[in-house]
Amino acid sequence: ELFLTKSVARPRLLFTFKANKELYVFSSPQPQSPDGISSLVATPYKSFPKYFPTDICTSHSGLVFLQHRRRKFRVICNPVTGESITLPKLKGRSSYFGFDPIRKHFKVLCMTQNTHWILTLETGKRLWRTIQDPVPSHSFMDDDEIFINGILYYMGYFGGLCLKIVCFDFRLEKFGVVKLDKDMKIIPKLTLFNYKGKLGVHQDIDIDMSCEEISSALWVLEDAREHKWSKRICILPSIVRLESFVGMTGTGEIVFSPCKSFQPNPFYIFFYNIERNTVTRIHIQGFEEFEHHRTSVQTILNFVEDVKFI
């Protein structure tokens, strides 16, 4: 518990990628104030079997959830201890990893168009059980989700091109829907993120390659019941034009990392301070041996190390 308490106060950056058909998981300190920092060193965790999936990766409270987009293969692992478990097979297409902060239970939600299952990680035999579905039928967007204070948020299409945000409470095991602001456009892409404990949505609104600046909109859900959003426009320098939006740190820095397919040396991430309108570029060292591998690296913010066994 003491180790976990200290880890919560010092969240880390997590990097996952595959090379030589093997899963690699690295971690580095996550700067609380990146000003003046030019480089960080990423160190590897314990290695994992080559068959582990890496298509979709999410993390909560020290555990990492891995799954394939097409194969129904799901794994939960602890990078610090090297421990892992494979979940029972289920034909559901979309799966989401979450945490009940009241009962301290990790759960996995698995869905098809008409049926929803949930599995609780606890002692004894792990079994999928069905739950009620109060949400109308919708299609899922697998690559965009965020988990905030026990609530899962993801994008869903209802009846064609009607885009809404679906929320699922892992404690109550109940669904809800949040409407987008009338001024939000579904193109270019909307990206969900944690805005200081509130649901945030990021969108690039002006990516003119001839301009030296990029305009981005940050939407924040101020009232979920009334579907009320606030909006803020950020002007970013062109240095982050080709980078992917990752999310926001607990101290309010927006983070960008390289696009998914690249050769990981040199590897830079960018911290943007929305109050001072400044960008800090940080070189992540430690990937030098993979400089000849073209791979996809996923950057995860606010990773908390935990030595507790699954």
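Structure: above.
Residues numbered from 1 in each chain as written. Predicted model: local features only at pLDDT ≥ 70, side-chain atom pairs only at ≥ 80, totals over all residues. Heavy atoms only, no water.

Moving on: unusual backbone geometry. Positioned with a positive phi, Ser 61 is a non-glycine residue whose angle comes to about 50 degrees. Structurally, the position occupied by Ser 61 is in the loop between strand 5 (56–60) and strand 6 (63–67). For His 227, which is not a glycine, the phi torsion comes out positive at approximately 55 degrees. Within the element layout of this structure, His 227 appears in the loop between strand 19 (213–223) and strand 20 (228–237). Given the relative accessible area of 27%, His 227 is considered partly exposed. (Helix = DSSP H or I, 4+ residues; strand = E, 2+ residues; numbered from the N terminus. Buried < 20%, exposed > 50% of the residue type's maximum accessible area, 1.4 Å probe, protein only.)

This part takes up the nonpolar core. Of all hydrophobic cores here, the largest spans 30 residues; its most connected members are Ile 76, Leu 87, Leu 109 and Phe 175. Residue assignment for this core shows that the elements contributing at least two residues are strand 6, strand 9 (94–100), strand 10 (105–111), strand 11 (116–121), strand 13 (139–148), strand 14 (151–158) and strand 15 (162–169). Residue contributions to this core peak at 5 residues, all from strand 10. Filtering out sequence-adjacent residues up to four positions away, Leu 87 remains in contact with Phe 65, Arg 74, Ile 76, Val 108, Leu 119, Leu 121 and Trp 128. (Core = buried A, V, L, I, M, F, W, Y, C linked by side-chain atoms within 4.5 Å. Contact = heavy atoms within 4.5 Å.)

The next thing to look at is the sheet that holds strand 2 (residues 22–29). Judged by pairing direction, the sheet is antiparallel, and its 4 strands sit side by side in the order 4-2-1-27 without closing on themselves. Strand pairing shows two members of the sheet lacking a second neighbour, strand 4 (43–44) and strand 27 (298–303), which therefore form its edges. Sheet topology places strand 1 (residues 12–19) next to strand 27; 4 bridges connect them, and they run antiparallel. Bridge pairing in strand 27 places Arg 12 opposite Phe 303. (Pairing = 2+ DSSP bridges.)

Under the definition given, this model contains 8 salt bridges. We note a salt bridge from Arg 276 to Asp 35, for which the minimum N-O separation is 2.4 Å. One end of the pair, Arg 276, is in the loop between strand 24 (267–273) and strand 25 (278–285); the other, Asp 35, is in the loop between strand 2 and strand 3 (39–41), and 241 residues separate them in sequence. The shortest N-O distance in the salt bridge between Arg 103 and Asp 100 comes to 3.4 Å. Residue class for Asp 100 comes out buried when judged on its relative accessible area of 0%. Among the charged side chains, a salt-bridge network with shared partners connects Lys 107, Arg 129 and Glu 173. (Salt bridge = Lys/Arg side-chain N within 4 Å of Asp/Glu carboxyl O.)

Time to look at the environment of Phe 140. Within the secondary structure layout, Phe 140 lies in strand 13. For Phe 140 and Val 255, which are 115 residues apart along the polypeptide, the C-alpha to C-alpha distance reads 25 Å. Leave out the neighbours within four places in its chain, and Phe 140 touches Arg 93, Ser 94, Tyr 96, Met 111, Thr 112, Gln 113, Tyr 154 and Met 155.

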